[in-house]
Amino acid sequence: MLLSVVLTAFVSPLFVWLTVFVGLNMLQSAFTGFCPAAMVFRKLGIKPGCAF
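Every value quoted in this text rests on a predicted model; they were computed, and no experiment measured them.

(A) Up close: the overall build of the protein chain. Helix and strand counts for the protein chain come out as three helices and zero strands. Going from the N terminus to the C terminus, the protein chain shows its helices and strands as α-α-α. Relative to the globule expectation of 10 Å for 52 residues, the C-alpha radius of gyration of the protein chain, 13 Å, shows a markedly less compact shape. Considered along the principal axes of its C-alpha atoms, the protein chain spans approximately 30 × 25 × 15 Å. Expressed as a percentage of the 52 residues in the protein chain, the buried residues total 8%. When the accessible area of the protein chain is evaluated, it comes to approximately 4400 Å², of which 79% is carbon and sulfur surface.

(B) Representation of the packing of helix H1 (residues 2-10) against helix H2 (residues 16-32) within the structure. Contact geometry of H1 with H2 gives a least axis separation of 8 Å together with a crossing angle of 160 degrees. For the element pair H1 / H2, the angle class is roughly antiparallel. Crossing handedness for the pair H1 and H2: left-handed. On H2, the residues touching Ser4, Val5 and Thr8 of H1 are Val16, Leu18 and Thr19.

The rules behind these values
- Residues numbered from 1 in each chain as written.
- Predicted model: local features only at pLDDT ≥ 70, side-chain atom pairs only at ≥ 80, totals over all residues.
- Heavy atoms only, no water.
- Helix = DSSP H or I, 4+ residues; strand = E, 2+ residues; numbered from the N terminus.
- Rg over C-alpha atoms; globule rule 2.2 N^0.38 Å.
- Buried < 20%, exposed > 50% of the residue type's maximum accessible area, 1.4 Å probe, protein only.
- Areas by Shrake-Rupley, 256 points an atom, 1.4 Å probe, with all protein chains shown as cover.
- Axes fitted to C-alpha atoms, helices over the stretch in contact; angles between N-to-C directions.
- Parallel < 35°, antiparallel > 145°, perpendicular 65-115°, else oblique.
- Left-handed = near helix turned anticlockwise from the far one by under 90°.
- Contact = heavy atoms within 4.5 Å.

Given below as structure tokens:
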């Protein structure tokens, strides 16, 4: 989330859409418990923690 805000501020204002997408994904994950990013990280071999 912070990286997308920094990209928006210093690289291009169009990165605001990445910030919006990440924020909406975090909100959806908080209510449903389903996080697509967690599935991607798991497939990349990152060890799951308490969040997923």
